[in-house]
Amino acid sequence: AVSVAIERLVYYPLYKTKASLNVVLVSSIGVFTVLTNVVAIFWGNETKTFSSGISDVYSFAGLIVTEKQWLQFIVSLSFITAFFVFLNLTRTGLRIKAIRDDSELFQVMGFSLSRIRIIVFVLSGIAVSVASCLTAWDIGMDPYVGMPVLLNAVVALIIGGTGNFKSCIIGGLLLGILQALVVWQWSAQWQEAITFAVLV
């Protein structure tokens with residue numbers, strides 16, 4: 001619901017006035033800042049955790065994975081698979097890809113751009129909700145956890161390249177593996193440095 005409200009109140013009016021991508025970017029950072037502070041006002045700044053118990057641990061070939069991390073992996077893989085099935089095998093999915101390629105031609109063909117945009121924002125809201133709940137269940141969450149995620153997402157997008165959904169996911173996976181290797185070999189403090197070194 002919040003995702004659709006942002007589309008209707010912020011992004012769609014900017015699209016209708018043909019605002020530049022820079023204006024859209026600054027507006028999105030503004031929305032992010034407002035929402036972060038609203039959450040902090042109502043629920044506080046401290047980290048919230050869903051579970052306080054110690055998760056079961058599984059080890060094989062020197063790799064240690066918790067039960068929660070396994071669940072994250074299975075749910076994420078299922079969600080990504082379902083997303084690509086939807087994108088490639090349904091009419092709505094094909095229309096989303098058509099908008100990506102040429103939104104003006106899409107409208108000339110008589111389709112509703114507004115309706116498809118709402119569907120895209122509903123899907124994005126669901127994806128963020130699932131990822132957020134899985135993260136909060138594993139390590140907890142505070143109102144300011146979004147900025148590092150946003151920066152990682154931008155770097156993953158740049159690594160993978162724009163215009164292709166698969167390349168963004170591959171870029172994100174590569175970045176995540178690289179960050180995990182950095183923590184394993186050195187320290188978690190080097191995660192952001194390596195992320196921006198890859199970006200440069």
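This structure is a prediction, so every number in the text was calculated from the model and none was measured.

Asks: What is the right way to read the packing of aromatic side chains from this model?
Replies: In this description, an aromatic ring pair is defined by two values, namely the gap between the centres and the angle between the planes. Enumeration according to the criterion identifies 6 aromatic pairs in this entry. Aromatic pair Phe-42 and Trp-43: ring centres 5.9 Å apart, planes at 50°, arrangement tilted. Per residue, the accessibility class of Phe-42 equals that of Trp-43, and both read exposed. Ring centres 5.5 Å apart and planes at 70° place the aromatic pair Phe-83 and Phe-84 in the edge-to-face group. Residue class for Phe-83 comes out partly exposed when judged on its relative accessible area of 25%. The buried category is assigned to Phe-84, whose relative accessible area is 17%. The cationic tip of Lys-68 hangs over the ring face of Trp-137; the distance from NZ or CZ to the ring centre is 5.4 Å. Against the face of Tyr-15 rests Arg-117, its NZ or CZ located 4.9 Å from the ring centre.

Asks: I would appreciate a short explanation of the pairing of strand β1 (residues 57–60) in the present structure.
Replies: Across a regular strand the side chains alternate sides, sitting on one face of the sheet and then on the other. Relative to strand β2 (residues 63–66), β1 runs antiparallel, the two being bridged by 4 bridges. Across the sheet, residue Val-57 finds its bridge partner in β2, namely Thr-66. What sits between β1 and β2 in their antiparallel hairpin is a turn of 2 residues, with Ala-61 showing a positive phi close to 55°.

Asks: Is there a simple way to think about a nonpolar patch on the surface in this case?
Replies: A cluster of nonpolar residues, Tyr-58, Phe-60, Leu-63, Trp-70, Phe-73, Ile-74 and Leu-77, forms a patch on the protein surface that exposes about 680 Å² of accessible area. At the level of elements, β1 and α3 (67–89) are the ones that each hand at least two residues to the nonpolar patch. For the nonpolar patch, the element with the highest residue contribution is α3, accounting for 4 residues. Among the secondary structure elements, Tyr-58 is positioned in strand β1. Look at Tyr-58 and you get partly exposed, because its relative accessible area is 39%.

What counts, and at which threshold
Residues numbered from 1 in each chain as written. Predicted model: local features only at pLDDT ≥ 70, side-chain atom pairs only at ≥ 80, totals over all residues. Heavy atoms only, no water. Phe/Tyr/Trp six-rings, centres within 6.5 Å; stacked < 30°, edge-to-face > 60°. Buried < 20%, exposed > 50% of the residue type's maximum accessible area, 1.4 Å probe, protein only. Lys NZ or Arg CZ within 6 Å of the ring centre and 35° of its normal. Pairing = 2+ DSSP bridges. Helix = DSSP H or I, 4+ residues; strand = E, 2+ residues; numbered from the N terminus. Patch = residues over 30% accessible without salt bridge, like charges linked within 9 Å, V, L, I, M, F, W, Y side chains within 5 Å. Areas by Shrake-Rupley, 256 points an atom, 1.4 Å probe, with all protein chains shown as cover. Salt bridge = Lys/Arg side-chain N within 4 Å of Asp/Glu carboxyl O.

The analysis is restricted to geometry; functional conclusions fall outside its scope.
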